[in-house]
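# Per-entry structural report
Given next are the chains, with one letter for each unit.
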Amino acid sequence: QLRVQEMVKITKICCIGAGYVGGPTMAMIALKCPHIEVTVVDLNQQRIDAWNSENLPIYEPGLDEVVKACRGRNLFFSTDCEAAIRAAQCIFVSVNTPTKKTGLGKGKAADLTYWESAARNIAAWSTSDKIIVEKSTVPVRTAEAIEKVLLRNCPAQGVHFDILSNPEFLAEGTAIDDLTAPDRVLIGGKIENERGTAACAALVDVYANWVPRERILTANLWSAELSKLTANAMLAQRISSINAISALCECTGADVSQVSFAIGKDSRIGPKFLNASVGFGGSCFQKDILNLAYICECHGLQEVADYWYSVVGMNDYQKTRFVRRVVSAMFNTIRNKKIAMLGFAFKKDTGDTRETPAIDVASGMIDDGAKIALFDPQVPEEQVRMDMGDEAMKSITCYSKPMDALNDAHAVTIM
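Let me sum up the structure you'll find in this document. Here the structure is a predicted model, which is why all the values come from computation and not from measurement.

## What about the overall build of the chain?
Helix and strand content of the chain: 17 helices and 12 strands. In terms of C-alpha radius of gyration, the chain reaches 23 Å, essentially the compact-globule figure of 22 Å for 415 residues. Taken along its principal axes, the extent of the C-alpha atoms in the chain is 75 × 45 × 45 Å. Considering the chain as a whole, with its 415 residues, one finds that 49% of them fall into the buried category.

## Looking at the sheet that holds strand S9 (residues 338-342)
If you walk across this open sheet you meet the 4 strands as S11-S10-S9-S12, and the pairing is parallel. In the strand order of this sheet, the two ends are held by strand S11 (396-399) and strand S12 (411-414), each with one partner. The sheet shows a mean angle of 25° between the axes of neighbouring strands, taken without regard to direction. In this structure, strand S10 (residues 371-375) lies alongside S11, joined through 4 bridges in parallel fashion. Counted as the bridge partner of alanine 373 is threonine 397 from S11.

## Quick notes on the packing of aromatic side chains
Across all of its chains, the model carries 5 aromatic pairs by this definition. Centre to centre, the rings of tryptophan 51 and phenylalanine 77 are 5.0 Å apart; their planes meet at 10°, and the pair counts as stacked. Here tryptophan 51 is found in helix H3 (residues 45-51), whereas its partner phenylalanine 77 is found in strand S3 (residues 75-78), with 26 residues between them in sequence. Phenylalanine 77 carries the same exposure label as tryptophan 51, and that label is buried. Seen in terms of ring centroids, tyrosine 207 and tryptophan 210 are 5.6 Å apart; in terms of plane orientation they differ by 50°. Their pairing is tilted. Like tryptophan 210, tyrosine 207 is buried. Chaining the aromatic ring pairs together yields one cluster made of Phe273, Phe280 and Phe285.

## Considering the environment of glutamine 89
Looking at where glutamine 89 falls in the secondary structure, it is placed in the loop between helix H5 (81-87) and strand S4 (90-93). Separated by 76 residues in the primary sequence, glutamine 89 and isoleucine 13 have C-alpha atoms spaced 6.3 Å apart. The residues touching glutamine 89, leaving out its near neighbours within four places in the chain, are Lys9, Ile10, Thr11, Lys12, Asp129, Lys130 and Ile131.

## Focus on the nonpolar core
Among the nonpolar cores identified, the biggest contains 42 residues, and Ile13, Ile29, Leu75, Phe92 and Ile187 are the most heavily contacted of them. If one sorts the elements of this core by residue count, helix H9 (residues 194-207) sits on top with 7 residues. Residue contacts for leucine 75: discarding those within four places in its chain leaves Met26, Ala27, Ala30, Val38, Val40, Val67 and Cys70.

## As for the pattern of salt bridges
Summed over the entire model, instances satisfying the criterion amount to 21 salt bridges. Of the charged contacts, one joins lysine 319 and aspartate 316 as a salt bridge, the two residues approaching to 3.6 Å between their closest N and O atoms. Residue lysine 319 and its partner aspartate 316 are both found in helix H13 (residues 302-329); the two are separated by 3 residues, about one turn of the helix. You can call aspartate 316 partly exposed: its relative accessible area is 35%.

## A short note on the state of the cysteines
For the structure on display, the rule yields 0 disulfides. Left unpaired, cysteine 33 is separated from the closest cysteine sulfur, that of cysteine 70, by 9.8 Å. Judged by relative accessible area, cysteine 33 falls into the buried class, the value being 0%. There is no disulfide at cysteine 298, and the cysteine sulfur nearest it, in cysteine 296, is 9.2 Å away. Take cysteine 298: its relative accessible area is 53%, and that puts it in the exposed class.

Thresholds, definitions, all that
- Residues numbered from 1 in each chain as written.
- Predicted model: local features only at pLDDT ≥ 70, side-chain atom pairs only at ≥ 80, totals over all residues.
- Heavy atoms only, no water.
- Helix = DSSP H or I, 4+ residues; strand = E, 2+ residues; numbered from the N terminus.
- Rg over C-alpha atoms; globule rule 2.2 N^0.38 Å.
- Buried < 20%, exposed > 50% of the residue type's maximum accessible area, 1.4 Å probe, protein only.
- Pairing = 2+ DSSP bridges.
- Axes fitted to C-alpha atoms, helices over the stretch in contact; angles between N-to-C directions.
- Phe/Tyr/Trp six-rings, centres within 6.5 Å; stacked < 30°, edge-to-face > 60°.
- Contact = heavy atoms within 4.5 Å.
- Core = buried A, V, L, I, M, F, W, Y, C linked by side-chain atoms within 4.5 Å.
- Salt bridge = Lys/Arg side-chain N within 4 Å of Asp/Glu carboxyl O.
- Disulfide = S-S within 2.5 Å.

Structure below.
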């Protein structure tokens with residue numbers, strides 16, 4: 001009982017992973033909790049150097065001000081993972097969980113290599129009890145597997161690990177606003193026992209420094225893990241649904257913006273995520289839907305899996321349809337024509353190009369012989385090259401000014 005009480009007050013936090021989630025989240029905790037020392041660690045020295053510089057490694061409106069207000073005071077960025085893990089009472093794990101590229105579940109299941117590696121390091125370097133917080137998006141019941149890794153790899157006697165799930169619901173481009181005033185904070189733990197309840201309460205107390213307690217929800221571990229996958233799947237489903245209607249609108253003379261506005265006025269539906277587009281992108285939607293569908297398959301729910309796969313299928317169809325419309329509008333040939341592309345990131349106010357529709361659209365137009373004139377104020381040419389490849393870059397010119405990309409273009413695509 002005494003040891004449970006000792007863990008309740010969190011004064012030192014470590015976050016493993018200095019990416020799009022870990023960096024902004026920890027910066028906000030440091031800003032709102034000046035009494036808590038927050039250390040963000042990453043093995044990538046270049047990334048940590050960037051967090052400690054004037055030019056942060058990611059672009060997010062308002063992030064610069066938050067980081068610079070706390071950095072060096074109670075917010076630190078380091079590659080010394082061992083020291084940060086040893087000192088912390090609470091460890092957030094915010095590492096990448098990409099879709100597997102090989103082996104069982106290839107193209108569907110989440111690759112937990114980085115997560116397991118982080119867990120092994122936590123186990124090896126922990127000499128006192130820790131609260132471990134899943135911040136990465138993970139499959140249901142990952143906490144169970146991670147707990148086994150922690151317990152079997154910790155050489156110190158008597159160390160106890162309490163695992164919580166605290167999924168992020170941030171939208172890139174509005175992450176700082178989302179962190180400042182979240183719709184809800186979800187914390188999952190083993191609330192059926194005293195230790196789990198105490199660990200949840202400790203993290204609730206951290207968020208309660210600025211989030212109203214009625215917006216801080218607690219659930220069991222599995223429900224919290226599944227809630228994140230389900231939230232992203234439902235949002236992506238709305239995008240695919242309105243994109244499907246956009247195809248019908250173009251055939252019938254209806255205006256999809258008017259349709260989406262009309263249905264968005266229905267309070268049961270609401271207006272968000274009803275803007276027709278080239279398709280959804282980003283690091284989460286497709287990855288999480290495929291992961292969700294794969295979990296359904298593993299439990300013998302093939303019809304459920306097929307339903308969620310269709311959401312991704314509609315997204316792929318929309319990108320292909322967009323390329324076909326461009327070609328059709330230009331007398332069925334775009335060979336050697338300059339096509340201006342405004343925007344390469346998957347959405348505005350971010351430099352993130354993961355799964356951006358622009359990759360497939362540009363590739364489709366290049367396959368048809370087009371010359372792409374690209375402008376995106378937040379995406380450097382090196383990133384475009386990484387995403388498109390050297391061969392495709394022979395047909396792409398990146399511009400630093402939008403008018404240069406537009407000059408003498410045969411067509412403009414707004415991504």
